[in-house]
Amino acid sequence: MSPHVFAITAFGLTTRNPERLAAFYRGLGFTLAPSERIPEAEIALLGLSGGGMRLPLRLGKSSVTLDFFDRPGRDYPSNATAADLCFQHFALVTADAGAAWTHARKLGATAISRHGPVTLPKTSGEVTACKFRDPDGHPLEFLQFPARSRVDWPGADLVDIDHSAISVSSADVSKRFYEALGWSVQGPTLNRGETQEALDGLSEPVVEVVPMMPAQKNPHLELLVYRSPVGRSDSSDAANDVAATRTVLASDRDELIRDPDGHLLVLRKRRDFQ
């Protein structure tokens, strides 16, 4: 029987330089908790040997961990693009994407988007977005919703994590996989044109965006299916590789699984969701 997944509860980032990365995220507005050892049971679940340390971060209701392993894996691929199948970002909701991007650059962020934040057309939600990388190479996105969507926003610049986006090779295969976990499709779009080109830092991209919704809808997952350019595949990242972002899920069991393109999903049993 397939596992049932109720919610995305956290994201795990692998780092080889936890102090530098923690300083970056604190500068963005995350709060940092004291470091802790990664439990041996979790190391075993991830298929690793040795041990590791963890720095927990919070932003609004969202949790992110910076995980440093005693036996480090590979660095983030230096030539990876938004279309490549290793790509996974999470989108940070902000009241001002331009100001957030200016600040992030001072903290050491590097650009994916060509000209900073761009406003997508009405067919893509009219959001203003900017893709970039943290100092380790993990992709991120600033997301500014139209003014009419901000009536209940607090005054802080960074508010929360809206979604995570992953590049996949087949919409149908990935939809079936996540639907088997109990998720549903909501409002897919086909994005193309100059604005998408500037956002992705790619030439003439054509990308199908398929939002997948767990029972608890935010954060949710977006499948990115690049029809052009076709993303490069790679051997599955080990959990101690910097590109191996882990999506932590509230589920009916404890398990580590991979989606059809190798993205790591950490299932943790949660009685309160049953």
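Let me sum up the structure you'll find in this document. From a predicted model like this one, the values you see are computed outputs, not experimental measurements.

### What about the pattern of salt bridges?
Thinking step 1. What the rule picks out here adds up to 15 salt bridges.
Thinking step 2. Close ionic contact of R114 with E197 constitutes a salt bridge, the shortest N to O distance being 3.1 Å. Remark: E197 occurs in helix 5 (residues 194-200) and R114 occurs in the loop between strand 7 (110-111) and strand 8 (118-119); sequence separation between them is 83 residues.
Thinking step 3. R253 is paired through a salt bridge with D252; the nearest N and O atoms lie 3.2 Å apart.
Thinking step 4. A network of salt bridges, in which partner residues are shared, links E42, R54, D67, R246 and R268.

### Side note on the packing of aromatic side chains
Thinking step 1. Summed over all chains, the structure comprises seven aromatic pairs.
Thinking step 2. Consider the rings of F11 and F90, whose centres lie 5.2 Å apart with planes at 20°: the pair is stacked. One end of the pair, F11, is in strand 1 (residues 5-14); the other, F90, is in strand 6 (residues 88-94), and 79 residues separate them in sequence.
Thinking step 3. Taking the relative accessible area as the measure of exposure, F11 reaches 1% and is therefore buried.
Thinking step 4. Put simply, the rings of F24, Y25 and F30 pair up and form one aromatic cluster.

### Observations regarding the pairing of strand 4 (residues 52-59)
Thinking step 1. Of all eight residues that make up strand 4, six are buried, and the element is covered over most of its length.
Thinking step 2. Here strand 4 runs beside strand 5 (residues 62-69); their pairing, made up of eight bridges, is antiparallel. Of the residues in strand 5, the one forming a bridge with P56 is T65.
Thinking step 3. The antiparallel pairing of strand 4 with strand 5 creates a hairpin that spans two residues between the two strands, and G60 there sits at a positive phi of about 60°.

### Notes on helix 1 (residues 18-28)
Thinking step 1. Along helix 1, the residues classified as buried are P18, L21, A22, F24, Y25 and L28. Along the long axis of helix 1, the arc covered by the buried residues comes to 160°, so they all point the same way. Turned more than 90 degrees away from the buried face of helix 1, the exposed residues are E19 and R26.

### Side note on the environment of F87
Thinking step 1. You can see F87 is positioned in the loop between strand 5 and strand 6.
Thinking step 2. Separated by 79 residues in the primary sequence, F87 and I166 have C-alpha atoms spaced 5.8 Å apart.
Thinking step 3. Setting aside anything within four residues of it in sequence, one finds F87 in contact with Y76, T81, A82, I112, P139, A165, I166, S167, L224 and H263.

### Thoughts on the environment of R54
Thinking step 1. Tracing the backbone shows R54 in strand 4.
Thinking step 2. Taking C-alpha positions, R54 is 9.7 Å from L13, a pair spaced 41 residues apart along the chain.
Thinking step 3. If near-sequence neighbours (up to four positions away) are discounted, R54 is found in contact with P34, S35, E36, I38, P39, E42, T65, L66, D67 and R268.
Thinking step 4. A polar side-chain atom of R54 sits 2.6 Å from a polar atom in the side chain of E42.

So, how was this worked out
Residues numbered from 1 in each chain as written. Predicted model: local features only at pLDDT ≥ 70, side-chain atom pairs only at ≥ 80, totals over all residues. Heavy atoms only, no water. Salt bridge = Lys/Arg side-chain N within 4 Å of Asp/Glu carboxyl O. Helix = DSSP H or I, 4+ residues; strand = E, 2+ residues; numbered from the N terminus. Phe/Tyr/Trp six-rings, centres within 6.5 Å; stacked < 30°, edge-to-face > 60°. Buried < 20%, exposed > 50% of the residue type's maximum accessible area, 1.4 Å probe, protein only. Pairing = 2+ DSSP bridges. Arc of directions from axis to C-beta. Contact = heavy atoms within 4.5 Å. Polar contact = N/O pair within 3.5 Å; in protein donor to acceptor, adjacent residues only side chain to side chain.

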